[in-house]
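Single-letter residue listing:
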Amino acid sequence: MKNRLQVSLVSLSIGLVSLLPTVELQGAELVQAKDGSGVYGYNDTPLLPWCGYRVHDPDRPAPKRINPGPVPAPAAPPSDAVVLFDGKDLSKWQPTECKVVDGCIEAVGAGNLTTKESFGNCQIHLEWMAPNPPSGPWYNRGNNGVFLLGLYEIQIFDSWTEKIYPDGQAAAIYGQMPPLVNACRPPGEWQTFDIVFTAPVFESGKLAQPARVTMFHNGLLAHLNEEIRGETGHRILPEYKQKVSKGPLRLSGHDCPVRFRNIWIRTL
């Protein structure tokens with residue numbers, strides 16, 4: 001009887017642990033911005049100490065929408081760039097579920113796309129396209145992300161269609177800083193990210209200099225030497241947990257068939 005009881009208790013505890021993500025998600029109730037703009041987010045998340053807003057706060061001022069103009073033709077990579085994708089194969093990336101379709105990388109499921117090589121200070125160019133028509137739940141509308149060092153996310157999202165919380169819209173440093181402008185094109189049109197990244201510096205296991213980023217979304221300035229305050233995540237405060245100054249570039253899938261093309265990187 002005692003052994004059966006122990007087995008039952010263990011099974012119950014495992015079942016409860018497996019339910020935690022679902023319960024947590026269900027408990028995370030979306031709220032609308034107080035100004036009636038239709039922006040949605042959360043009001044039960046931690047306060048960001050440098051700005052006074054909550055993580056994913058719908059009442060944080062949303063960037064102004066700017067028309068970036070028509071889609072330009074893809075530009076050739078510079079002569080000193082490491083070409084990560086030229087429309088042919090995924091040889092520069094670790095094995096992945098993603099596939100090459102019509103000369104583009106197409107995200108598949110929740111699988112990540114991670115470079116084999118690691119980088120520190122760098123310049124990155126990539127082009128992405130959210131699927132048209134938009135489909136799926138709000139949180140998967142064009143959802144993907146550029147993870148610098150595999151840790152710090154620059155958000156990819158269909159911010160033409162969705163009024164997601166400002167620190168989660170396209171070109172945001174996810175959960176930390178909205179972009180200066182909403183430069184999104186409609187889903188089904190190509191978009192460009194041009195990112196200049198300065199890796200964090202650690203001395204004796206402590207942060208000496210934080211990571212910083214300057215970037216352009218569709219040619220418009222989205223961040224200017226902006227501090228990255230730690231590893232990014234959903235509904236949590238950023239924190240520098242992994243003390244690394246080099247790491248892979250990672251594109252993070254979210255069950256949305258976002259496409260990519262013309263990806264290259266320069267070591268600085």
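Bear in mind that the values here come from a model prediction, so they are computed numbers and not experimental data.

1. Observations regarding the overall build of the chain
- When helices and strands are tallied, the chain shows one helix and 18 strands.
- Taken across its 268 residues, the chain has 47% of its residues classed as buried.
- Sequence-distant contacts, at least 24 apart, represent 65% of the contacts inside the chain between residues at least 6 apart.
- Summed over all atoms, the accessible surface of the chain reaches about 13300 Å², with 55% contributed by carbon and sulfur.

2. Topic: the nonpolar core
- One finds Trp128, Val146, Leu148, Phe193, Ile195 and Phe197 to be the most contacted residues of the largest nonpolar core, which totals 50 residues.
- Looking at this core, the element that brings in the most residues is strand E8 (residues 122-129), giving four residues.

3. Observations regarding the sheet that holds strand E9 (residues 144-148)
- Spatial ordering of the open sheet is given by E7-E17-E9-E10, a layout of four strands whose pairing is antiparallel. If you trace the sheet from one side to the other, it starts and ends with strand E7 (112-119) and strand E10 (152-156), each paired once. When strand polarity is set aside, the average angle formed by the axes of neighbouring strands in this sheet is 15°.
- Here two bridges tie E9 to strand E17 (residues 247-252), and the two strands are oriented antiparallel to one another. Of the residues in E17, the one forming a bridge with Phe147 is Arg250.

4. Description of the side chain of Arg250
- Positionally, Arg250 belongs in strand E17.
- Among the polar contacts listed, one links the side chain of Arg250 to the backbone oxygen of Gly150, at a separation of 3.1 Å.
- With residues near it in sequence (within four places) discarded, Arg250 still touches Asn112, Leu113, Thr114, Gly145, Val146, Phe147 and Gly150.

5. Focus on the packing of aromatic side chains
- For the structure on display, the rule yields eight aromatic pairs.
- With 5.3 Å between their ring centres and 85° between their planes, Trp138 and Tyr139 make a pair best called edge-to-face.
- Connected via pairs of aromatic rings, a cluster forms that spans Tyr152, Phe197, Phe202 and Tyr240.
- For Arg250, the ring lying beneath its charged end belongs to Phe147, and the centroid distance is 4.0 Å.

6. Description of the confidence of the model for the chain
- On average, residues of the chain score 90 in pLDDT, and 90% of them are at 70 or above.
- Long-range and interchain partners of residues 1-27, a stretch whose pLDDT sits below 50, account for one contact in this model, where long-range means more than four residues apart.

7. Some words on the environment of Gly253
- As for its position among the elements, Gly253 is in the loop between E17 and strand E18 (259-267).
- The buried category is assigned to Gly253, whose relative accessible area is 7%.
- Excluding its chain neighbours within four sequence positions, the residues that come into contact with Gly253 are Gly109, Ala110, Gly111, Asn112 and Asn144.

8. Details of the pattern of salt bridges
- Taken as a whole and judged by the stated rule, the model has seven salt bridges.
- Among the ionic pairs, Asp44 bridges to Arg235, the shortest N-O distance being 3.0 Å. With Asp44 in the loop between strand E2 (40-41) and strand E3 (64-65) and Arg235 in the loop between strand E16 (220-228) and E17, this pair connects stretches of sequence that are 191 residues apart.
- A salt bridge links Arg259 to Asp102; its shortest N-O distance comes to 3.5 Å. One end of the pair, Arg259, is in strand E18; the other, Asp102, is in the loop between strand E5 (99-101) and strand E6 (104-106), with 157 residues separating them in the sequence.
- Owing to a relative accessible area of 68%, Asp102 belongs among the exposed residues under this scheme.

9. Quick notes on the pairing of E16
- With six bridges joining them, strand E15 (residues 211-217) and E16 adopt antiparallel strand pairing. By the bridge assignment for E16, His217 is matched with Leu220.
- Hairpin connection, E15 to E16: the antiparallel pair is bridged by two residues, and Asn218 has positive phi, about 55°.

10. A few points about the environment of Gly109
- You can see Gly109 is positioned in the loop between E6 and E7.
- For Gly109, a relative accessible area of 28% puts it in the partly exposed group.
- Residues Gly109 and Cys256 lie 147 residues apart in sequence; the distance between their C-alpha atoms is 6.6 Å.
- Discounting residues that sit within four places of it in the chain, Gly109 has contacts with Gly253, His254, Asp255 and Cys256.

Reading the values: the criteria
Residues numbered from 1 in each chain as written. Predicted model: local features only at pLDDT ≥ 70, side-chain atom pairs only at ≥ 80, totals over all residues. Heavy atoms only, no water. Helix = DSSP H or I, 4+ residues; strand = E, 2+ residues; numbered from the N terminus. Buried < 20%, exposed > 50% of the residue type's maximum accessible area, 1.4 Å probe, protein only. Contact = heavy atoms within 4.5 Å. Areas by Shrake-Rupley, 256 points an atom, 1.4 Å probe, with all protein chains shown as cover. Core = buried A, V, L, I, M, F, W, Y, C linked by side-chain atoms within 4.5 Å. Pairing = 2+ DSSP bridges. Axes fitted to C-alpha atoms, helices over the stretch in contact; angles between N-to-C directions. Polar contact = N/O pair within 3.5 Å; in protein donor to acceptor, adjacent residues only side chain to side chain. Phe/Tyr/Trp six-rings, centres within 6.5 Å; stacked < 30°, edge-to-face > 60°. Lys NZ or Arg CZ within 6 Å of the ring centre and 35° of its normal. pLDDT = per-residue confidence, 0-100. Salt bridge = Lys/Arg side-chain N within 4 Å of Asp/Glu carboxyl O.

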